Amino acid sequence: MAKRDYYELLEVERTASKAELKIAFRTKALEFHPDRNPDDPEAEEQFKLCSEAYDILSDADKRLVYDQYGHEGLQGRGYSGFGDVQDVFTHFQDLFGDMFGMGGGFGRRPRRDAPARGADVRAHMQISLAEAAFGTKKELPLGHASPCEVCSGTGAEGGELIGCATCGGRGQVAHQRGGFLLSTTCPSCRGQGSRPKNPCDACQGSGEVHQDRKVEVSVPAGIDEGQTLRLGGLGQAGRLGGPAGDLYVSVMVESDPRFERERDDLYYELHVSYPQAALGAQVVVPSLEPAAEGEDEPSFDVVVPAGIQPGELVRVPGGGIPRLGRRGRGDLVCVVQVDVPKELSPRAQELIRELAESFES
Ligand SMILES: [Zn+2]
Ligand SMILES: [Zn+2]
């Protein structure tokens, strides 16, 4: 079948101006557009042919070749028309944007006015070692952006948006680079595909407002430095009724001068005197557990066995940190430190000399 004449396809005179060609193509493209003619191969073929005709006739060089040598002249130069409809869209992306704007029936763009999930919010929280061990509830002040309620996050007065002419509502613009077609985020609408008709007063058109709020965070017993709590639905509010994002709280644990934490165990430096180490003793070791209302600081009675050496360990089973999400607790581990007296009374000196003599005999 012979290829139809391009001028006939667009129903224009052979002398048609560029502007006339554009109007003619617009009419044809709307008539045969795939969105208006779903599952109609004949319309699709017409759409492709009219696009091809416009592509040639709107280019002065190609039009000259076509006028002089017809279809064969173009084929001789390697021009083969469009493979499929998507080719047409890609090729004429910017043009379709100009011609039809938003709502011109050109599908395949994501819905920008659909409800959107709010963004996640990240925060830090500092707690004491005891709070980490036994859990706590804390109010966390948060300052972050949230969708503007006045304009439902659209940035537009009354929520009224207009299609972005630059990208035709696609949010992306194509550039020809060498032989490649590159797609980048539209600079006019920053990828939204639409722009506020008039900017919203409350948020100056940004769609976001700064929000200060307080969130109560329940810290589970046994949490450790660097762990993160996820609070579902406490992030940024959603847009247009979409669900809220999540809040992620990273926990930082202050060090405690008395204890070193090693996973679920607590290490405590236990100072004993030389006689205590030699003869054994019962000593009192502090607990990390905070004192209950009106009660004494909790503590452990620890038995130091006779003859213990510096650096040896005395364990208090269950005296450590509750295991996160599990039963049981770690241990309190006392590291024995034998103190040598720096000053001695004459009587003490005498006794130690006697002791030394007893070792020699
Ligand atoms: Zn745009
Ligand atoms: Zn607003």
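Residues numbered from 1 in each chain as written. Chains lettered and ligands numbered in written order. Predicted model: local features only at pLDDT ≥ 70, side-chain atom pairs only at ≥ 80, totals over all residues.

1. As for the overall build of the protein
Part 1: Helix and strand content of the protein: 9 helices and 15 strands.
Part 2: Taken along its principal axes, the extent of the C-alpha atoms in the protein is 130 × 50 × 35 Å.
Part 3: A burial count over the protein gives 24% of its 361 residues as buried.
Part 4: Pairs at least 24 apart in sequence give 64% of the contacts found in the protein among residues at least 6 apart. (Helix = DSSP H or I, 4+ residues; strand = E, 2+ residues; numbered from the N terminus. Buried ≥ 20, exposed ≤ 12 C-beta atoms within 10 Å, placed from the backbone. Contact = placed C-beta atoms within 7 Å.)

2. Considerations on the sheet that holds strand β11 (residues 265-273)
Part 1: With mixed pairing, 4 strands are arranged side by side in an open sheet as β10-β11-β15-β14. Two strands bound the open sheet, and with one partner strand each, they are β10 (259-262) and β14 (313-316). The sheet shows a mean angle of 30 degrees between the axes of neighbouring strands, taken without regard to direction.
Part 2: As paired strands, β11 and strand β15 (residues 332-339) are joined by 8 bridges and run parallel to one another. Pairing of His 271 across the sheet is with Gln 337, part of β15. (Pairing = 2+ DSSP bridges. Axes fitted to C-alpha atoms, helices over the stretch in contact; angles between N-to-C directions.)

3. Details of the nonpolar core
Nonpolar side chains tend to gather and get buried jointly when the protein is soluble and globular.
Part 1: In terms of nonpolar packing, the biggest core is built from 23 residues, with Leu 129, Leu 266 and Tyr 268 touching the most fellow members.
Part 2: For this core, the two domains that each supply at least three residues are domain 2 (121-253) and domain 3 (259-360).
Part 3: Dropping the residues within four chain positions of it, Leu 129 is found in contact with Val 253, Glu 254, Ser 255, Asp 256, Phe 259, Arg 261 and Leu 288.
Part 4: Counting 15 residues, the second largest nonpolar core, distinct from the first, contains Tyr 6, Leu 10, Leu 57 and Phe 92. (Core = buried A, V, L, I, M, F, W, Y, C linked by C-beta atoms within 7 Å. Domains from an automatic or database assignment.)

4. Some thoughts on the pairing of β15
Part 1: Pairing between β14 and β15: 4 bridges, direction antiparallel. Residue pairing for β15: Arg 315 is matched across the bridge by Val 333.

5. Examining the domain arrangement of the protein
Part 1: What the domain assignment lists for the protein is domain 1 (6-91), domain 2 (121-253) and domain 3 (259-360).
Part 2: For domain 1 and domain 2, the distance between their C-alpha centres works out to 44 Å.

6. Some thoughts on the environment of Lys 28
Part 1: Along the polypeptide, Lys 28 turns up in helix α2 (residues 18-32).
Part 2: Residues Lys 28 and Val 283, 255 residues apart in the sequence, show an inter-C-alpha distance of 96 Å.
Part 3: Those residues in contact with Lys 28 that lie beyond four places of it in its chain are Leu 10 and Cys 50.

7. Here's the deal with the packing of α2 against helix α3 (residues 41-57)
Part 1: Close contact between α2 and α3 brings their axes to 9 Å; oriented N to C, the two are set at 165 degrees. One way to sum up the angle between α2 and α3 is to call them roughly antiparallel. For α2 against α3, the interelement crossing comes out left-handed. From α2, Leu 21, Phe 25, Lys 28, Ala 29 and Phe 32 reach across to α3, where they touch Ala 43, Gln 46, Phe 47, Cys 50, Ser 51, Tyr 54 and Leu 57.
Part 2: Tallied by class, the residues present in the contact of α2 with α3 amount to 9 nonpolar, 2 polar and 1 charged. (Parallel < 35°, antiparallel > 145°, perpendicular 65-115°, else oblique. Left-handed = near helix turned anticlockwise from the far one by under 90°. Nonpolar A, V, L, I, M, F, W, Y, C, P; charged D, E, K, R; others polar.)

8. Structural notes on the sheet that holds strand β1 (residues 121-127)
Strand pairing in a sheet relies on backbone hydrogen bonds, with the paired strands running either antiparallel or parallel.
Part 1: Reading across from one edge, β1-β9-β8 is the order of the 3 strands in this open sheet, with mixed pairing throughout. Pairing within the sheet leaves two strands with one partner each, and these edge strands are β1 and β8 (228-231). In this sheet, adjacent strand axes meet at a mean angle of 25 degrees when their direction is disregarded.
Part 2: Relative to strand β9 (residues 247-253), β1 runs parallel, the two being bridged by 7 bridges. If you follow Ala 123 over to β9, its bridge partner there is Val 249.

9. Points about the confidence of the model for the protein
Any region with low pLDDT has predicted coordinates that should not be read closely.
Part 1: Taken residue by residue, the protein gives an average pLDDT of 85. The fraction at 70 or more is 93%.
Part 2: A low-confidence stretch, residues 100-111 stays under pLDDT 50, and its non-local contacts, those more than four residues away or across chains, total 21 contacts. (pLDDT = per-residue confidence, 0-100.)

10. What about the environment of Ala 156?
Part 1: Mapped onto the secondary structure, Ala 156 falls in the loop between β2 (136-147) and β3 (161-163).
Part 2: Taking C-alpha positions, Ala 156 is 49 Å from Val 65, a pair spaced 91 residues apart along the chain.
Part 3: Ignoring any residue separated from it by four or fewer positions in sequence, one finds Ala 156 in contact with Cys 151, Leu 161, Pro 196, Lys 197, Asn 198, Pro 199 and Cys 200.

11. As for α3
Part 1: In this model α3 runs 24 Å from its N-terminal to its C-terminal C-alpha over 17 residues, within 8% of the 24 Å that 1.5 Å per residue would give.
Part 2: By the burial criterion, the buried members of α3 are Phe 47, Cys 50, Ser 51, Glu 52, Ala 53, Tyr 54 and Leu 57.
Part 3: Here the buried face of α3 lies against α1 (6-10), α2, α4 (60-76) and α5 (85-91). (Expected span 1.5 Å × (residues − 1).)

12. Description of unusual backbone geometry
Part 1: One non-glycine residue with positive phi stands out, namely Gln 204, at about 55 degrees.
Part 2: Mapped onto the elements of the fold, Gln 204 is located in the loop between β6 (194-196) and β7 (208-219).
Part 3: One non-glycine residue, Arg 263, lies in positive phi territory at about 50 degrees.
Part 4: The topology assignment puts Arg 263 in the loop between β10 and β11.
Part 5: Judged by the 12 C-beta atoms lying within 10 Å of it, Arg 263 falls in the exposed class.

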